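Structure at a glance
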Amino acid sequence: MAEDRWQALQAVVSEMERLTELFYERTEAAEDARLEAVKAHARAADSGKAVPAGMGAKVQDAKLAVDGTLSAFRANLPRLAAARRSYDALFDDRKFITEYRAAVSVEFLKRRAAAVKAFKALDAEIPALAELYTLLGDFTLNGLLGDVVADIEFNGEPANGNLFTENTDSWAAPKLSEALSAVRRYVLSDDPIKGGTLLTEDLGTIADALPALADQRYEEWQDKLAASRMEMRHASALGSYSH
């Protein structure tokens, strides 16, 4: 049932998108026809000859094509609204939501496991790559090509290999390590809600866990509040904060 209603909705949406594209195409064509007619009338005025036959009809047909497309689009609006209501009504059905949630839970756990596995592999490789990159740069630029690099002048001084390797866009960039650390907190989170695992459990298990989690959230909020106040006091002492 859900699939049928979703497909029905998508069919109307696709038709609306097709009519929208057609409207813009026909609008452009109508403007081209109008400009062509304007030029034809200008030439006729200059030459004293009649405007080519059918010019006016061509402009009118192009305009009617635009109006007809717009009319068709408007006629589909009730169909779109009805299809949307039909699909949305599914989410008022607790039985449907329960079944849908179960399917989403299976897919979430599968993809979460794949994401965690992929991230752990990446997380293990980046530090090694950073170390190897640093060694490679040192051996190559400061060692084997040291004379070549030293002949390059940078800010009035002989350059060294670190000029090329110490930047924010390499495997050894501190920001890359910081980014991994930030991602690690999300992907490998052991918080049952933030990590998503608790959300896939049965409703009774989730309900039982919520009070303790609420207490944990309160403590987290208090910690953030205290840190914020400390930061504000520190800034005020330095003269960069005022009420």
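Computed from a predicted model, the values in this text were never measured in an experiment. (Residues numbered from 1 in each chain as written. Predicted model: local features only at pLDDT ≥ 70, side-chain atom pairs only at ≥ 80, totals over all residues. Heavy atoms only, no water.)

1. Notes on the layout of surface pockets
- Each pocket or cavity is described by its volume, and for the largest pocket that value is around 160 Å³.
- Lining the largest pocket are twelve residues, and of these Thr134, Asn162, Thr165, Glu166 and Ala172 sit closest to its centre.
- Mapped onto the lining of the largest pocket, the elements with two or more residues apiece are helix 3 (94-144) and helix 5 (162-165). (1 Å grid on protein atoms, 1.4 Å probe; cavity = no way out; pocket = protein on both sides within 12 Å on 5 of 7 lines; lining within 4 Å. Points joined across faces, edges and corners; volume = space filled by probe spheres on them. Helix = DSSP H or I, 4+ residues; strand = E, 2+ residues; numbered from the N terminus.)

2. With respect to a negative patch on the surface
- Negative charge collects at one region of the surface, where Glu17, Glu21, Glu25, Glu28 and Asp32 lie side by side.
- Looking at where Asp32 falls in the secondary structure, it is placed in helix 1 (residues 2-47).
- A relative accessible area of 44% places Asp32 in the partly exposed class. (Patch = residues over 30% accessible without salt bridge, like charges linked within 9 Å, V, L, I, M, F, W, Y side chains within 5 Å. Areas by Shrake-Rupley, 256 points an atom, 1.4 Å probe, with all protein chains shown as cover. Salt bridge = Lys/Arg side-chain N within 4 Å of Asp/Glu carboxyl O. Lys, Arg positive; Asp, Glu negative; His and termini not counted. Charge placed at Lys NZ, Arg CZ, Asp CG, Glu CD. Buried < 20%, exposed > 50% of the residue type's maximum accessible area, 1.4 Å probe, protein only.)

3. Brief notes about the confidence of the model for the chain
- Within the chain, residue pLDDT values average 89, and 95% of them lie at 70 or more.
- No element of the chain has a lower mean pLDDT than helix 5, which averages 74, and none a higher one than helix 2 (residues 55-89), which averages 95. (pLDDT = per-residue confidence, 0-100.)

4. Notes on the nonpolar core
- In this structure, Leu9, Val12, Met16, Ala83, Tyr87, Leu90 and Phe96 together form the largest nonpolar core, which totals seven residues.
- Of all the secondary-structure elements, those providing two or more residues to this core are helix 1 and helix 2.
- Tallying contributions element by element places helix 1 first for this core, with three residues.
- Setting aside residues no more than four positions away along its own chain, Ala83 makes contact with Ala8, Leu9 and Val12. (Core = buried A, V, L, I, M, F, W, Y, C linked by side-chain atoms within 4.5 Å. Contact = heavy atoms within 4.5 Å.)

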